[in-house]
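# Reading the structure
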Amino acid sequence: MISFVESGQKVIGYFKKSTVYLLAFVLIVSSIYEIYSVYTADMPDDWGFVDEIYSAIIKLIMAEFIIFDPKKSVLRAVGFYAVAIGLSRVITSFSILAQTNTFSLAIGLIFLIMGLNLLYSSYNYFKDTVRGRTGMMYSACILAFVQTITLLMSYQTYKTTGQIDFREIAIAAVYLFQYVVLLLIMDTEELRYSTLIEKTNTRVESTCVTHMVGGRFQLERQDAVVLKHMFDDRSSWMPVTDGGPIELERRLHIIDGRIGSTMMLQKWAGCDDIYVTMVNDDLGSIILANRFKVTEVVPDDDDDNLFSSVRLFDGNRMLAQMAVKELDEEEQEGMSE
Amino acid sequence: MKRNEILTVLMGIIISITGIYFLIRDINGDVQPVPGEVLSDVMLIVGGACVALFFRKDLRNGTALSMFTLGASMVAGNIYYALEASEDTQTIFSDVYLILSAVMIYYSISLVFHSTAGSTKGLVCIGVLALIEFGPMCYRIYLGADVIPTIGDNIDNLVSGIMHLTVVFILTRKGMLLETPTKRLNRNSKLLSDNMCSPSQAFIDVHDIDTILDDSQGWTQFDKGPIISQKTIRLYNTDVGLDLQRWKGDDRTYLSVRVLDVDSYEVPLSFPIESIVLDDEDRSNATRMRFYGNDGVFVDIVIKDFEKEKKGYIDTVKQRYGKNRKKDDPVM
């Protein structure tokens, strides 16, 4: 039986996998709509619908780029999406600027700046950095709201007059879908933590978790028990048989907020002390780390269920004191069993 | 002269030349210059010359002096019009110029005293000045006016606008832009992380295993210092790399970790290698390589085939047409 949280996570997982294709789909739908509107229009505008046709072609090309991208990622997909929308806006601005009057100049320049700004954002996305996420979310939110009102007004008109404009509803629905998808994508974890400031924050947090014990840090009790018994009970440790000097190894995952690190406890051949390597990600390459030797562990209570902190020593030097998380009743029962 | 120094000198020269142009025009022109205009020209000449001659090696103060010169010269040249009790366009523009110049002077002084971090706000002011100078002229041309006569009528604005745009262009070149707090924070956190944390996505190319394990290849000899020879192994997906070193009077090979492609660096980890093990005896199947030292020190590196790594469109095209990775490419 899958729990509610697990099924929720499963849905989120499916959404994450399909995000990239969803963006491509939005571009395809939008370009199909543009081609449709050109062929169903009563009369061509001064620009001869060149901007709509170009915009549709660009969107289709970018959708293809997203679908067949060998290095697929949400960030790159949003980058291609931004290129499509940005280029479309630049082309539209040329079509507006072509009508030489003051109003067209103002609107055309706004479109041109918006388009160029989006193209600059796309460059950042390709460089794995999210730019203008909040602004994009605000504008998508407002535009989605406007389209929702359009749909509601169409419904009201239908209720009062019995007439319905399917074309208007279709346009509003397509745009609403586009903005909602964009909103959801802009709030994915991959994008949320890829802004310049979040990347900086992740680096600093990762360095802190690996090299320092924060004042509010608490060790999980089962990990604390492993630490407490590192010299007398190594039944849960794994033997290392790579031909190197390590005999036994135990990894503890330390989580402090969003960022975690791994404490690698190692028993080396010919040495009774335990070598500890604190590393930010034990599954990747381990090069620079916080390395120290532990010669003694002192808990504040001998009972595994009651001790609230452990102190680590290297000879005459105290290395750190780590607080241990309190157990709730359910966990206490589990521990005593 | 370094690139930054050349750009600073160029900026100073352009400011001075603009000053000389306006001075000649004021002296020889048909219209009597208004009070402050000649002073404004002299300020440009002297300020630009000072930037080029004395501040080419001092980016921060050079930037500050350039901004101050432009701002002060603008104030001197426009104060007369601004104080005139008239509602014509010149007076309105002069008011705007004065406000922008005051902001520029404020930021230039702040730069000198380190009370502001970056030069962005000052540059925005110069950019707006250029926009005001070019805007009306471009607008007339857009509405159908003849290009050459319009430019002829606005030649002063054109010269001034070009100078302002050139200053913005120079001060936004790589190495010339004073960093904003966010960018400084980003750079410092990266430095901190590069020297204290493992770049977990880093890997060595499977073809580099032979270079590491084969003692006879890849060594660069040194004549000076305690290191006799060294070979550098590039780690992909990171700026960090490994140096394998042989020291005088020691048979062991040392492993050093450092940031590559920079002039100055610290070595955060260096130890004599006692043994190197692979997680698979068959080198082509190995996925991890461990370097063991003494006293609990080890380095564990992921091995991947660079050729098989996912690449973007541009890298794929480069690879297909023979412009694929150079040995020194830091990132895919």
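Time to look at the packing of helix α1 (residues 3-28) of chain B against helix α3 (residues 59-83) of chain B. All names here are of chain B. Running from amino to carboxyl end, α1 crosses α3 at an angle of 15 degrees, the nearest separation of the two axes being 11 Å. With respect to α3, the element α1 is oriented roughly parallel. Handedness of the α1/α3 crossing: left-handed. In this structure, α1 uses Asn4, Thr8, Met11 and Ile15 to contact α3, whose residues at the interface are Leu59, Gly62, Ser66 and Thr69. Here the residues of the contact of α1 with α3 are counted per class, giving three nonpolar, five polar and no charged.

Residues and elements named next belong to chain A. Across the sheet, five strands lie side by side as β2-β3-β4-β5-β6; this open sheet has antiparallel pairing. Across the chains shown, the open sheet's two edge strands, defined by having one partner strand only, are β2 (238-239) and β6 (290-294). For strand β3 (residues 246-256) and strand β4 (residues 259-268), the ladder comprises 10 bridges, and the chain directions are antiparallel. Within β4, the position partnered with Arg250 by the bridge is Leu265. Packed onto the sheet, helix α8 (residues 196-211) meets β3, β4, β5 (274-279) and β6 and runs at close to 30 degrees relative to β4.

For chain B, per-residue confidence averages 85 on the pLDDT scale, and 95% of positions sit at 70 or higher. Contacts from residues 324-332 of chain B, a stretch scored under 50 in pLDDT, to residues over four places away or in other chains number 14 contacts.

So, about the interface of chain B and chain A. Each side of the interface is counted separately: chain B has 38 residues, and chain A has 32 residues. Looking at the side of chain B that touches chain A, the elements with two or more residues in it are α8 (181-196), β7 (275-278), β8 (288-292) and β9 (298-304) of chain B. The leading source of residues in the side of chain B that touches chain A is α8 of chain B, at nine residues. Each residue belonging to the side of chain B that touches chain A can be placed in one class, and the counts come to 19 nonpolar, 13 polar and six charged.

Before going further, it helps to spend a moment on the sheet that holds strand β9 (residues 317-324) of chain A. Residue and element names in this part refer to chain A. Taking strand neighbours across the sheet as the criterion, the four strands line up as β1-β9-β8-β7 in an open arrangement whose pairing is mixed. Where the open sheet ends on each side, the last strands, each with one partner, are β1 (218-219) and β7 (296-299). Judged from the six bridges that link them, strand β8 (residues 309-314) and β9 form a sheet pairing that is antiparallel. In the sheet register, Arg311 faces β9, and the bridge partner there is Gln321.

Definitions and cut-offs
Residues numbered from 1 in each chain as written. Chains lettered and ligands numbered in written order. Predicted model: local features only at pLDDT ≥ 70, side-chain atom pairs only at ≥ 80, totals over all residues. Axes fitted to C-alpha atoms, helices over the stretch in contact; angles between N-to-C directions. Helix = DSSP H or I, 4+ residues; strand = E, 2+ residues; numbered from the N terminus. Parallel < 35°, antiparallel > 145°, perpendicular 65-115°, else oblique. Left-handed = near helix turned anticlockwise from the far one by under 90°. Contact = placed C-beta atoms within 7 Å. Nonpolar A, V, L, I, M, F, W, Y, C, P; charged D, E, K, R; others polar. Pairing = 2+ DSSP bridges. pLDDT = per-residue confidence, 0-100.

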